[in-house]
Amino acid sequence: MSDIAQENPVSPLFIWFASIAAGTAMANNYILQPVLPAIAASLQLPLFYTGFIAASMQIGYMLGILFLVPLGDSVNRKKLIISQFILLSLALFAASLTRQPLLLFSAGIVTGAMATSAVQLNALGFHITPKGATVGLITMGISAGILLARLVGGSLADALGWRGMLAIFAAVMASMALLAIRCLPDVKPARETGYLSVMAQLPGLLRNVRLIESAVTGGAWFFVFSLLWVTIMLHLQRPPLHLPAGTAGLFGLAGIVGLVLANYAGKLADCFGCRSVIFGGMVFVVAGIAILFLFPASLPGITLGIILFDLGCFAAQVANQTRVLGLHPDKRSSLYALYMFFYYALGAAGSVTGPWVYERWDWQGICLLSLVMVMVAMITTAMGYFNENSVAHVSN
């Protein structure tokens, strides 16, 4: 453990706050998904274009990961996280007032960029206590934010409208900025490095084979995650199910098993290795998609499919993040930024692609495309395992 980690032992207060704050920040990337039909009606948009509204936050998150997250290696993370929560609150409040689709799209990009405070919190936790279990605990909070975002966002929108819902989230983010002043440790970076110097080092990090493997596998399943969750909200509100936005958002709770598993996945990665957990998670994802394909109009079938799907995605994500954060102690934020950039680039592609595929090939097309992308993740993981074993065998 580094000297910094020894000087700043992890505290329960920090872990609890980091988990909750990271979850609420991440939730902002998903709160509009259950209300896309309402936004389309309010702004008089074709349903297809709402995919761009949903993707705007992921595009912003992707840009924030590339240009903001590397700052964690060169500046005080506490000050950076507080600043991001303040700007996140302002962006959400602006989005609640706008009546122009382009301005809503722009506010979504800023919202997504500032929501990368969740990434900073995860990196800070691993910096203090570099264990998969720490990543698992904070990722559990992030998972809760993802799962509850659709339920809370949909329910608030049913009661207050989608604009009122955004205003409530803006107030919550302002509260997180105030709490961060008290709850976050003041940890200085390992070395003072200029922003341009940090950014100049990013291309060289792409030579890391394990980073590339993590980016491809994580990006593939997050494409599927975004694709399915955007379209399942549309699917549940259309015939034959006809569920309102708040009720459709309840299906986010079906993934609560995945939330619980996120903590254990970090411990399993510490014991059995990251690839084993990643591959096992993808097996659960395949099983969940198969059930969603076979029972598209069955509420119990959809519920079971979501449970297995979310369980697999969250387990694989914890293991993948643990692997990336362990690659280079002094460049964790930079490595994590590159990983999450590709991760969210494919996630945004899934959000944009989802409504387009759903309108042309319906739910079956969504499930088949999802299976293809999961196969890409599984093959990449298997190839990484066999390649490393071959190198080790030759060395011996």
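Keep in mind it's a predicted model, so treat the numbers as computed, not measured.

**Looking at the overall build of the chain**
For the chain, the count of helices and strands is 15 helices and zero strands. Burial analysis of the chain (396 residues in total) assigns 58% to the buried set. In the chain, the share of contacts with a sequence separation of at least 24, taken over all contacts with a separation of at least 6, comes to 85%. On the chain, roughly 15,300 Å² of surface is accessible, and the fraction owed to carbon and sulfur atoms is 71%.

**Brief notes about the packing of helix α10 (residues 209–236) against helix α13 (residues 274–294)**
Two elements in contact, α10 and α13, have axes whose closest approach is 12 Å; the angle formed by their N-to-C orientations is 25°. Judged on the interaxial angle alone, α13 and α10 are roughly parallel. Crossing of α10 over α13 shows left-handed handedness. Seen from α10, the contacting residues are Glu213, Trp221, Val224 and Leu228; seen from α13, they are Arg275, Ile278, Met282, Ile289 and Leu292.

**Focus on the nonpolar core**
Among the nonpolar cores identified, the biggest contains 119 residues, and Phe85 and Tyr344 are the most heavily contacted of them. With residues near it in sequence (within four places) discarded, Phe85 still touches Ala21, Ala25, Ser117, Leu121, Met173, Met176 and Ala177.

**Quick notes on the packing of aromatic side chains**
In this structure the tally under the stated criterion is twelve aromatic pairs. Consider the rings of Tyr30 and Phe225, whose centres lie 6.3 Å apart with planes at 85°: the pair is edge-to-face. Here Tyr30, found in the loop between α2 (12–27) and α3 (36–43), pairs with Phe225, found in helix α10; they are 195 residues apart in sequence, far enough to count as distant. No difference in accessibility class separates Tyr30 from Phe225, as the two residues are buried. Ring pairing ties together the aromatic residues Tyr30, Phe222, Phe225, Trp229, Phe309, Phe314, Tyr336, Tyr339 and Tyr343, which thus form one cluster. Directly above the ring of Trp229 sits Arg150, whose terminal nitrogen or CZ lies 4.0 Å from the centroid.

**Let's talk about α3**
When we look at burial in α3, the residues that qualify are Leu36, Ile39, Ala40 and Leu43. With its buried residues spanning 100° around the axis, α3 presents them on a single face. Gln44, located one to two residues past α3, shows a positive phi value of around 55°.

**Some points on empty space enclosed by the protein**
Regions of empty space are outlined by a rolling probe, equal in size to a water molecule, passed over the atoms. Summed over all chains, the structure comprises three cavities of 30 Å³ or more. Taken as a whole, the largest cavity encloses approximately 160 Å³ of empty space. Forming the boundary of the largest cavity are 16 residues, of which Ile142, Ile146, Phe314, Gln317 and Tyr343 lie nearest the centre. For the lining of the largest cavity, the secondary structure elements donating two or more residues are α8 (132–183), α10, α14 (299–325) and α15 (332–395). The class makeup of the residues in the lining of the largest cavity is twelve nonpolar, four polar and no charged.

**A short note on the pattern of salt bridges**
Summed over all chains, the structure comprises two salt bridges. A salt bridge links Glu213 to Arg275, with the nearest nitrogen and oxygen atoms 2.8 Å apart. Here Glu213 is found in helix α10, whereas its partner Arg275 is found in helix α13, with 62 residues between them in sequence. Judged on exposure class, the residue Glu213 and its partner Arg275 are both buried. Each of Glu213, Arg275 and Arg323 takes part in a single network of salt bridges with overlapping partners.

**Quick word on the side chain of Thr380**
Considering the arrangement of structural elements, one finds Thr380 in helix α15. Judged by relative accessible area, Thr380 falls into the buried class, the value being 19%. A distance of 2.8 Å separates a polar side-chain atom of Thr380 from the backbone oxygen of Val376. Filtering out sequence-adjacent residues up to four positions away, Thr380 remains in contact with Glu213, Val216 and Thr217.

**A word on the confidence of the model for the chain**
Close inspection of predicted coordinates is inappropriate for parts of the model with low pLDDT. In this model, the chain carries an average pLDDT of 85, and 90% of its residues clear a pLDDT of 70 or more. Overall, residues 1–8 carries pLDDT values under 50, and its contacts beyond four positions in sequence, including any with other chains, amount to twelve contacts.

**Side note on helix α6 (residues 101–114)**
Note that an α-helix has 3.6 residues per turn; residues three or four places apart therefore point the same way. Taking 1.5 Å of rise per residue, 14 residues should cover 20 Å, and α6 covers 20 Å from first to last C-alpha, within 8% of that figure. Along α6, the residues that are buried comprise Leu104, Ala107, Gly108, Thr111, Gly112, Ala113 and Met114.

**As for a nonpolar patch on the surface**
Nonpolar side chains collect at one region of the surface, where Leu206, Ile212, Val216, Phe342, Val372 and Val376 lie side by side and expose about 430 Å² of accessible area between them. At the level of elements, α10 and α15 are the ones that each hand at least two residues to the nonpolar patch. In terms of residues, the nonpolar patch owes the most to one element, α15, which gives three residues. By secondary structure assignment, the location of Leu206 is in the loop between α9 (195–205) and α10. With a relative accessible area of 34%, Leu206 lands in the partly exposed category.

**Digging into the side chain of Glu213**
A relative accessible area of 7% places Glu213 in the buried class. A polar contact of 2.8 Å, which involves the side chain of Glu213, links it to the side chain of Arg275. Of the polar contacts made by the side chain of Glu213, one reaches the side chain of Arg323; its length is 3.1 Å.

Rules used throughout
- Residues numbered from 1 in each chain as written.
- Predicted model: local features only at pLDDT ≥ 70, side-chain atom pairs only at ≥ 80, totals over all residues.
- Heavy atoms only, no water.
- Helix = DSSP H or I, 4+ residues; strand = E, 2+ residues; numbered from the N terminus.
- Buried < 20%, exposed > 50% of the residue type's maximum accessible area, 1.4 Å probe, protein only.
- Contact = heavy atoms within 4.5 Å.
- Areas by Shrake-Rupley, 256 points an atom, 1.4 Å probe, with all protein chains shown as cover.
- Axes fitted to C-alpha atoms, helices over the stretch in contact; angles between N-to-C directions.
- Parallel < 35°, antiparallel > 145°, perpendicular 65-115°, else oblique.
- Left-handed = near helix turned anticlockwise from the far one by under 90°.
- Core = buried A, V, L, I, M, F, W, Y, C linked by side-chain atoms within 4.5 Å.
- Phe/Tyr/Trp six-rings, centres within 6.5 Å; stacked < 30°, edge-to-face > 60°.
- Lys NZ or Arg CZ within 6 Å of the ring centre and 35° of its normal.
- Arc of directions from axis to C-beta.
- 1 Å grid on protein atoms, 1.4 Å probe; cavity = no way out; pocket = protein on both sides within 12 Å on 5 of 7 lines; lining within 4 Å.
- Points joined across faces, edges and corners; volume = space filled by probe spheres on them.
- Nonpolar A, V, L, I, M, F, W, Y, C, P; charged D, E, K, R; others polar.
- Salt bridge = Lys/Arg side-chain N within 4 Å of Asp/Glu carboxyl O.
- Polar contact = N/O pair within 3.5 Å; in protein donor to acceptor, adjacent residues only side chain to side chain.
- pLDDT = per-residue confidence, 0-100.
- Expected span 1.5 Å × (residues − 1).
- Patch = residues over 30% accessible without salt bridge, like charges linked within 9 Å, V, L, I, M, F, W, Y side chains within 5 Å.

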